[in-house]
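As a plain string of letters, each chain reads:
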Amino acid sequence: MYFNCHTWFSFGYGTLSPEALLDAALRCGVHKLVVTDINNTAAYIEVMRLIRERGLSMGFGVGVEFRDGDRILYMAIARNNAGFEAINRLLSRHQIEGIPLPERPGFSEDVMVVYPWPGPDPETLGGSEWIGVRPGMVNKIPTSSRRASIDKLTAWMPVTFQDKTGFNIHRLLRAIDHNTLLSKLAPGSQEDPDAIMYPYAEAEAFYDRYPSLIKNAYKISQEAGLTLALGTDKNLKTFTGSPESDRDYLITHAWEGFQRRYDSSNPVMRERFNRELEIIFQKHFTAYYLISHDVIAYARSQGFDYVGRGSGANSMVAYCLGITNVDPIALDLYFERFLNPERSSPPDFDLDFSWKDRDHVIRYMFERYGYEHTALLGTHTTYQYRSLIRELGKVFGLPKEEIDQIVAAPDRYRDRDHITRLVFTYAARMKDYPAHLSIHAGGVLITEAPIYTYSALAFPPKGFPVVNFEMHNAEDMGIYKFDILSQRGLGHIREAVNLIRENRGESVDIDDIDRFKQDPAVKELLMAGRTMGCFYVESPAMRMLLGKLQCSDYITLVAASSIIRPGVARSGMMRAYIERHHLVQNGLPYQSIHPRMDALMQETYGVMVYQEDVIKVAHHFAGLTLTDADVLRRGMSGKYRSRKSFERVKDRFFTLCRERGYPQEVTDRVWYEIESFAGYSFSKGHSASYAVESYQSLYLRAHYPLEFMVAVVNNFGGFYKTEFYLHEARMLGAEVAAPCVNNSDYLSNLKGKIIYLGFIHLKDLEKSLAFRMIQTRKEAGAFRSLEDFIRRVQPGLEQLRILIRIGAFRFTGISGQHLLWEAMLLMSAGQHKADVPPLFSEASEKPFGLPELNRHTLESAFDEIELLGFPLCDPFLLLATEERGDTSAAELMRRIGKRVTLVGYLVTTKDTRTKNGDLMHFGTFYDHEGAVFDTTHFPNTTRKYPFRGRGFYKIAGMVVEDFGVPMVEVQSMEKLPLVRKMALQGDGVF
């Protein structure tokens, strides 16, 4: 009956979550549900899972409502798996190749098609085609219609929302989707108010004059079917073509690695190695390992740097194959975290590549395993509260200025008038609604059957096909992803090594990690938290954590990489770890939750730090099976937490703890710690992999600081903006120079101690011009004058003005004002046109003279701000006041407990909320000496003294200290003005 049900995955249209759709069906006594979302198949796996989880006897079918814009073409409903694949192929061809959808799809009998009234001529319809008639259209059926024509009609009752509120949300979604005012939303762009689910008796009453229409609707619903089983392995079964060959291949290559990396005569090592292999074979994970190994082998053949991490880093076999470079034996990584006989899904291999190489690796996988069987994993971007306030403000017709106000201070303007109340009411209701399909950060799926068996494919700008479902639904279906990820850290490490070779003629063995761990200069950077630019350890929070721990060794850095994650910090476990770390370092005892916890996690002082600690505690402390322990770990991700399997394991945890005689307060505290952090922490192998990369960055920063900072700038992916990496380089001894036509490349380069900014940093400079001038310079030598440049490169006047204003011709010794006049005269005189090249390239004599043009020394800074986004001089020179406060960052440790004032240049801020939901901030600044300091802005201060954009702030507050790290608790804050550009005088004074 209901063969056209929309969920909220009909993006910008539907309002019902899969759970809400099922609830509506149960209320209305519906026994068969057919989900046909608009131009996608995102919802069907979740609906199937919910039906199974709830133990419902409800039948289920799936299809797609094909639309061209707002116009419904037809609903295609699968009779079976073959029909679903045919539907997916048609939709995918349209979305990947851009081929228009046909007016008549021409499916086989495996697919039923319903056209909206009035539809094609009934006489032309096949046996599996009908014309759908909405309740409001029944009176339009001609009474003279022939019986054959009536037989091709069917009752059509789409389901899009469930009540008036749902209808209102639908209209808001349509207005957002069309970028129009709600009052101007066209009727044809929205659903009719009757698109709700009715009990069968009410639905049948709409068609009492034509019972055959109800009969046809039942027929379509009943014949809709899909027999894809959830939870069965649907991944590529073999790597070599047969399970036996796969087994031999894995044993051969793993054994070679085992002999290379371990003492092959050690019986303990051999037992662990053989045990892993047997579990891999027993669980049919052989192909998964071999495909991961194949990807790494390809990367090595191309000279790509990579890092293997994730729970798979706990595997000795993975280490022997070279998939990871983390030794699970040396780090005592928990075997059962990555693999145990009760685990049904393969371990996670997160394979990181440089952002420059990742797409090459993904392309290899598509070509190696075939586009018929390979796709990227999807994800669903959802509406968030602040963005919804902005979007709803627009569709309700609020002016931009008012929208900016309520977004910036929602609590202040929530009840300003009835419109803002509506905005906030519906923003709260619509939060977390799916907005559109996106791409998972790196998931690649490789299936045994064609990928179209399970999903239609989209083709976003990334350039690779993407399935419509997300990670958790992929796992529900039994399809496991390969995580092929990109990061900037690998790029800046490799580029720094190359710069060192080019500039200094030195080769750095970047894989000599054992030496890096013992390097005194590296230890000094870690202990002081001077880690800006270094992979994963450069954020303000991480810098302070390293300082509090006085971190000087690998194991502590591995732990720090995990405890910095949100859940651990929020639960208080990060502080407990720091306190216990200091007590142990000083030979003092600490008070733990329970001795059993200390025994399980000796290395981390009884504090749960890593994901596998959840499994350890659940299995060894509470007595859960390894399967249930892993359900508990996965359940903490949030998505699984609402599932019945998680609730069952949670109840079992408390029951077993009672049976073991633990005091209730101990059990409650252990559960609180599990619940608060597991979904946000790293596995130990993951943290260990990150720490290795951190050590590589730290070594380069310690010994080759300028090459390192240039590499960081050129990879555009750190925590901070380019301006602050250049500031750090300047503090390390570099001179930062504006782009120069004779010295700069597209990216920044280093010549001696001078960093010449690359042309890429000039906001409005055309990329083609940048490459043209670089190539011209390579072919015919440096430019000798502006005229020489114009003749050889032939730039447009506006592009030339950018180069002159940034000082790219300063080698001429002529001021920018003179060069601008000269450029206009040369360009207007037509001398920029390419004629026959002269025999000699000397500049011609100028037939004109110019008056003396004066320019303030700081005017260039304002040009740099406009063209680069930041000044190249000391920004404190731009302050309109001589105020610098009574304290510098270097003096803070001597001013603990005292009120101070500082003037700081804002580096970055972090917004967070207290347990009560109040907004507060953390700030990072640097002072007039260039030293960084950090601030805390509690809710009262945040409300009274909000941040007002980038620039300088006068800060007054109390200096506090936590484990040797100072911070200013802000009591008041004032943004300071810059000197106005118009106030600058040509004589060099203000």
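Everything numeric here is computed off the predicted structure, so don't read it as measured data.

1. Let's talk about the overall build of the protein
The helix and strand inventory of the protein stands at 39 helices and 22 strands. With respect to the principal axes defined by its C-alpha atoms, the protein has extents near 95 × 80 × 60 Å. Across the 990 residues of the protein, 55% fall into the buried class. Total accessible area computed for the protein in this model is approximately 41,600 Å², and 51% of it derives from carbon and sulfur atoms. Computed over 116 positive and 122 negative side-chain charges, the separation of the two mean positions in the protein equals 3 Å.

2. With respect to helix α29 (residues 644-659)
A rise of 1.5 Å per residue sets the reference length of α29, with its 16 residues, at 22 Å; its end C-alpha atoms lie 23 Å apart and thus fit the reference within 8%. Among all positions in α29, only F646, V649, F653, F654, L656 and C657 are buried. Within α29, the buried residues cover an arc of 165° as seen down the axis, which keeps them to one side. Among the exposed residues of α29, those pointing more than 90 degrees away from its buried face are R658 and E659. In the stretch just after α29, G661 is the one whose phi turns positive, near 85°.

3. Structural notes on the pattern of salt bridges
Enumeration according to the criterion identifies 53 salt bridges in this entry. We note a salt bridge from D483 to K481, for which the minimum N-O separation is 2.5 Å. What makes K481 buried here is its relative accessible area of 14%. By sharing partners, the salt bridges in this structure join E46, R49, E53 and D476 into a single network.

4. Observations concerning the pairing of strand β8 (residues 306-309)
Covered by surrounding structure in β8 are Y306 and G308 together with V307 and R309, the residues of both alternating faces. The pairing of β8 with strand β9 (residues 350-354) spans four bridges and is antiparallel. Across the sheet, G308 pairs through a bridge with L351, a residue of β9.

5. Notes on the nonpolar core
Within the largest apolar cluster, 129 residues are counted, with the highest numbers of intra-cluster contacts made by L632, F653, L700, M773, L803 and F809. Apart from the residues within four sequence positions on either side, L803 is in contact with F759, L762, L765, L769, M773, F789, A808 and F809. Grouped together as the second largest cluster of nonpolar side chains are 115 residues, C28, F66, I169 and Y200 included.

6. Observations regarding the packing of aromatic side chains
All told, the structure shown has 49 aromatic pairs when counted by the stated rule. Aromatic side chains F516 and Y699 sit 4.2 Å apart centroid to centroid with 15° between the ring planes, which places their arrangement in the stacked category. You can see F516 sitting in helix α20 (residues 513-518) and its partner Y699 sitting in helix α31 (residues 684-703), a full 183 residues away along the chain. With centroids separated by 6.0 Å and ring planes inclined at 55°, the aromatic side chains of Y554 and Y695 adopt a geometry described as tilted. Separated by 141 residues along the polypeptide, Y554 in helix α23 (residues 554-563) and Y695 in helix α31 bring together distant segments of the chain. In this structure an aromatic cluster arises from ring pairing among W255, F258, Y262, F273 and Y319. Lying over the aromatic face of W130, K152 brings its terminal NZ or CZ to 5.2 Å of the ring centre. The aromatic ring of W355 is capped on one face by R488, whose charged end is 3.9 Å from the ring centroid.

Calculation criteria
- Residues numbered from 1 in each chain as written.
- Predicted model: local features only at pLDDT ≥ 70, side-chain atom pairs only at ≥ 80, totals over all residues.
- Heavy atoms only, no water.
- Helix = DSSP H or I, 4+ residues; strand = E, 2+ residues; numbered from the N terminus.
- Buried < 20%, exposed > 50% of the residue type's maximum accessible area, 1.4 Å probe, protein only.
- Areas by Shrake-Rupley, 256 points an atom, 1.4 Å probe, with all protein chains shown as cover.
- Lys, Arg positive; Asp, Glu negative; His and termini not counted.
- Charge placed at Lys NZ, Arg CZ, Asp CG, Glu CD.
- Expected span 1.5 Å × (residues − 1).
- Arc of directions from axis to C-beta.
- Salt bridge = Lys/Arg side-chain N within 4 Å of Asp/Glu carboxyl O.
- Pairing = 2+ DSSP bridges.
- Core = buried A, V, L, I, M, F, W, Y, C linked by side-chain atoms within 4.5 Å.
- Contact = heavy atoms within 4.5 Å.
- Phe/Tyr/Trp six-rings, centres within 6.5 Å; stacked < 30°, edge-to-face > 60°.
- Lys NZ or Arg CZ within 6 Å of the ring centre and 35° of its normal.

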